[in-house]
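# Tertiary structure, described
Next come the chains, spelled out residue by residue.
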Amino acid sequence: MPLQHVEIAALNEVEKAIIRQAGFTVHYPKGHVIFAAGDPADRVYLVESGWVKIYRLNADGRRVTVGSIRSPGELMGLAEALWGGERTCFAGAISNVSLVVLRKNKFEELMGAHPFLAIKVAKLLGIRMREAEQIIHEMVCWQAPGRLALTLLKMGERCGVETKNGIKLGVQLTHEELANMVGTSRQTVTTLLNTFKQEKSIVYEGRTISIVNPDKLARWIM
């Protein structure tokens, strides 16, 4: 199955400049919880550098990733802030991150003053809705090998760096974090990564993964 192009909901330089002028910058270390379920949804975030994962906790306390990793240039916390109420998800820093923070009322003022920004936000939310629908489809219809292969390919397209050894994923994830993203166990992810490595689809050492044969990896997607 061919890999669909990953739509990255990033702002352009003009839009980012508007956000920066109205907000303030904060820095968080890897592992920091930026917001948690139950927190007031009163802020919007622009990711300047680093990567953030959005997740929930299931009944036994296990983290379940919902939505994609937020990358540099993306807004975060949008839907809940515009809707109001409390956060229903957690946002955790996968790496050291820098964020521009904007209060909800100020963000709404910006959209009123700059209609093109409001249109962009609507488009971003539309992309994420499609993304969420695709994730549901994958969880229901695909087996764990296909889900993991697709996740690696998406990450390669989203945050990969071309090297002589293939596409090196720019963000390092534990096997547990990958398991949370694809809805399976850590043991299953470890087994599958070893399988991908043995067939020379990927190479990895520790948490660093490089995709060396995207076509072979894509054959698992079914």
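Here we summarise the structure given alongside this text. (Residues numbered from 1 in each chain as written. Predicted model: local features only at pLDDT ≥ 70, side-chain atom pairs only at ≥ 80, totals over all residues. Heavy atoms only, no water.)

Glancing now at the overall build of the protein chain. The helix and strand tally for the protein chain stands at 8 helices and 12 strands. Against the 2.2 N^0.38 benchmark of 17 Å for 222 residues, the protein chain shows a C-alpha radius of gyration of 18 Å, consistent with a compact globule. For the protein chain, the spread of C-alpha atoms along the three principal axes comes to 55 × 40 × 30 Å. Classification of the 222 residues of the protein chain by burial places 45% in the buried group. Put simply, of all contacts in the protein chain between residues at least 6 apart along the chain, 72% involve residues at least 24 apart. Looking at the protein chain as shown, the accessible area adds up to about 11100 Å², and 55% of this sits on carbon and sulfur atoms. One way to put it: in the protein chain the 28 positive side-chain charges average out to a point 4 Å from where the 22 negative ones average out. (Helix = DSSP H or I, 4+ residues; strand = E, 2+ residues; numbered from the N terminus. Rg over C-alpha atoms; globule rule 2.2 N^0.38 Å. Buried < 20%, exposed > 50% of the residue type's maximum accessible area, 1.4 Å probe, protein only. Contact = heavy atoms within 4.5 Å. Areas by Shrake-Rupley, 256 points an atom, 1.4 Å probe, with all protein chains shown as cover. Lys, Arg positive; Asp, Glu negative; His and termini not counted. Charge placed at Lys NZ, Arg CZ, Asp CG, Glu CD.)

A separate point is the sheet that holds strand β1 (residues 24-28). With respect to topology, 4 strands assemble into an open sheet ordered β1-β8-β3-β6, the strand pairing being antiparallel. Of all the strands in the sheet, the pair left with one neighbour each is β1 and β6 (75-76). The sheet contact formed by strand β3 (residues 43-49) and strand β8 (residues 97-103) spans 6 bridges and is antiparallel. Paired with Y45 across the two strands is V101, which belongs to β8. Across the sheet, helix α3 (residues 104-113) touches β3, β6 and β8, and the angle it forms with β8 is around 80°. (Pairing = 2+ DSSP bridges. Axes fitted to C-alpha atoms, helices over the stretch in contact; angles between N-to-C directions.)

Attention now goes to helix α4 (residues 115-141). Taking 1.5 Å per residue, 27 residues should reach 39 Å; α4 reaches 39 Å between its end C-alpha atoms and fits that length. Listed as buried for α4 are L117, K120, V121, L124, I127, R128, E131 and E138. Buried residues in α4 make contact with α1 (13-22), β6, α2 (78-83), α3 and α5 (144-159). (Expected span 1.5 Å × (residues − 1).)

Attention now goes to the sheet that holds strand β10 (residues 166-169). Reading across the sheet, the 4 strands line up as β9-β10-β12-β11 and stay open at both edges, with antiparallel pairing between neighbours. Two strands lie at the open edges of the sheet, namely β9 (160-163) and β11 (202-205), each paired on one side alone. Geometrically, the sheet is characterised by an average inter-axis angle of 25° between neighbouring strands, direction not taken into account. In terms of strand pairing, β9 meets β10 through 4 bridges, oriented antiparallel. If you follow V161 over to β10, its bridge partner there is K168. Sitting on the sheet, α5 touches β9, β10 and β12 (208-211), and the angle it makes with β10 is about 85°.

Quick look at a nonpolar patch on the surface now. Taken together, the side chains of I136, M139 and V140 define a hydrophobic patch exposed on the protein surface, amounting to about 300 Å² of accessible area. Within the secondary structure, I136 is located in helix α4. (Patch = residues over 30% accessible without salt bridge, like charges linked within 9 Å, V, L, I, M, F, W, Y side chains within 5 Å. Salt bridge = Lys/Arg side-chain N within 4 Å of Asp/Glu carboxyl O.)

Turning our attention to the pairing of β12. Note that β10 and β12 share 2 bridges and pair antiparallel. Within the sheet, the bridge partner assigned to I167 lies in β12 and is I211. Looking at chain direction, β11 and β12 are connected through 4 bridges and run antiparallel. Note that in β12 the partner of Y204 across the bridge is I209. From the end of β11 to the start of β12, which pair antiparallel, there are 2 residues, and G206 there has a positive phi angle of about 65°.

Take the packing of α4 against α5 next. At a closest axis distance of 11 Å, the pairing of α4 and α5 adopts a crossing angle of 150°. It follows from the interaxial angle that α4 and α5 lie roughly antiparallel. The way α4 lies across α5 gives a crossing that is right-handed. Facing α4, whose interface residues are E131, Q134, E138 and M139, α5 presents R147, L150, K154 and R158. (Parallel < 35°, antiparallel > 145°, perpendicular 65-115°, else oblique. Left-handed = near helix turned anticlockwise from the far one by under 90°.)

Keep in mind that these numbers describe shape and distance, not what the molecule does.
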